[in-house]
Amino acid sequence: MPSLHSDEAAEDFVATADLTQYDLSGFKPMRFEIEPKAAALNMRLPASLLDAVKARAKAKGIPYTRYVRMLLETDVAQMR
C-alpha cells in the first residue's frame with residue numbers, strides 16, 4: 001500500500017486505484033469514535049474479572065476501557 005499523507009490523497013487513491021492488486025487480508029475493521037464522551041462510569045469489579053477484561057482487550061490491541069465501551073455498545077445495539 002502506498003503511504004498517503006492526507007485525506008485527499010487517500011480519497012484519490014481509493015477512487016482511482018485497482019484494489020485487487022493489493023493483499024488486504026491483513027487489514028482489520030476499525031471503529032471511529034465520533035460521539036463525544038461527556039459522561040463517566042466508575043464501577044467496582046472482582047480483580048479476576050478486570051484482569052480477564054484487560055487480557056481480552058490486549059489480545060484485540062485496544063485499551064481495556066475502549067473494549068468495555070464496545071461491549072456495552074454491542075449489547076445495547078442488540079436490544080434496539
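Worth saying up front: this structure is predicted, and the values here are computed from it rather than measured.

Caption draft 1: Structural context of a negative patch on the surface. Among the surface-exposed residues, Asp7, Glu8, Glu11 and Asp12 lie close enough to one another that they form a single negatively charged patch. Its place among the elements puts aspartate 7 in helix H1 (residues 7-16). According to the relative accessible area criterion, aspartate 7 is exposed, its value standing at 62%.

Caption draft 2: Structural context of the environment of alanine 57. Structurally, the position occupied by alanine 57 is in helix H2 (residues 47-60). Residue classification places alanine 57 among the buried positions, given a relative accessible area of 1%. With 47 residues separating them in the primary sequence, alanine 57 and alanine 10 have C-alpha atoms 29 Å apart.

Quick notes on the rules
Residues numbered from 1 in each chain as written. Predicted model: local features only at pLDDT ≥ 70, side-chain atom pairs only at ≥ 80, totals over all residues. Heavy atoms only, no water. Patch = residues over 30% accessible without salt bridge, like charges linked within 9 Å, V, L, I, M, F, W, Y side chains within 5 Å. Areas by Shrake-Rupley, 256 points an atom, 1.4 Å probe, with all protein chains shown as cover. Salt bridge = Lys/Arg side-chain N within 4 Å of Asp/Glu carboxyl O. Lys, Arg positive; Asp, Glu negative; His and termini not counted. Charge placed at Lys NZ, Arg CZ, Asp CG, Glu CD. Helix = DSSP H or I, 4+ residues; strand = E, 2+ residues; numbered from the N terminus. Buried < 20%, exposed > 50% of the residue type's maximum accessible area, 1.4 Å probe, protein only.

This is a description of form; function is not addressed.
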